[in-house]
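Examining the three-dimensional arrangement
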Amino acid sequence: MPFGVINAPSVFMEYMNNIFPPYLDQFVEVFIHDILMYSKSEEEHVKHLRIVLQTLKENDWYAKFSKCEFWMHKVSFLGHVISRSGIAVDPSKVDVVF
């Protein structure tokens, strides 16, 4: 998608929501320009990663490797920290308030 297009984030989100419907809220979340995948085990994650990358490829979309992060055990996403222990408020967001 070209840089600088004013409605690019909303177009991207709509397109991703159209190509991933069976996987949304199962192991994929899409927000603005991010695709977040989550799994219960590493074996399951391999399957999910293949599904997501294959779905992108089938729809002529490609992930830029330098912008991807794989096999993370803790992720900051929308003001929360998501990890194996569960979901918690991102402490850096709370520090700003005080």
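Our structure's up above, just so we're on the same page.
About the thresholds
- Residues numbered from 1 in each chain as written.
- Predicted model: local features only at pLDDT ≥ 70, side-chain atom pairs only at ≥ 80, totals over all residues.
- Heavy atoms only, no water.
- Patch = residues over 30% accessible without salt bridge, like charges linked within 9 Å, V, L, I, M, F, W, Y side chains within 5 Å.
- Areas by Shrake-Rupley, 256 points an atom, 1.4 Å probe, with all protein chains shown as cover.
- Salt bridge = Lys/Arg side-chain N within 4 Å of Asp/Glu carboxyl O.
- Helix = DSSP H or I, 4+ residues; strand = E, 2+ residues; numbered from the N terminus.
- Buried < 20%, exposed > 50% of the residue type's maximum accessible area, 1.4 Å probe, protein only.
- 1 Å grid on protein atoms, 1.4 Å probe; cavity = no way out; pocket = protein on both sides within 12 Å on 5 of 7 lines; lining within 4 Å.
- Points joined across faces, edges and corners; volume = space filled by probe spheres on them.
- Nonpolar A, V, L, I, M, F, W, Y, C, P; charged D, E, K, R; others polar.
- Pairing = 2+ DSSP bridges.

1. Side note on a nonpolar patch on the surface
Among the surface-exposed residues, V46, F65, F70 and W71 lie close enough to one another that they form a single nonpolar patch of about 410 Å² accessible area. Secondary-structure assignment places W71 in the loop between α2 (42-58) and β3 (74-77).

2. Section: unusual backbone geometry
One non-glycine residue, D25, adopts positive backbone phi at about 65°. Looking at the element boundaries, D25 is found in the loop between α1 (8-19) and β1 (28-31). Positive phi values are uncommon outside glycine, yet I32 reaches one of about 50°. Examined against the element boundaries, I32 turns out to sit in the loop between β1 and β2 (34-37). Classification of I32 by relative accessible area gives partly exposed; the value is 31%.

3. Description of the layout of surface pockets
Estimated volume of the largest pocket: approximately 1,800 Å³. Along its surface, the largest pocket is lined by 44 residues, and D34, I35, L36, M37 and E69 are the ones closest to its centre. The element contributing the most residues to the lining of the largest pocket is α2, with six residues. In terms of residue class, the lining of the largest pocket is built from 27 nonpolar, eight polar and nine charged.

4. Some thoughts on the pairing of β2
Here four bridges tie β1 to β2, and the two strands are oriented antiparallel to one another. Directly across from E29, in β2, lies its bridge partner L36. Linking β1 back to β2 in an antiparallel pair, the connection comprises two residues, with I32 at a positive phi of about 50°.

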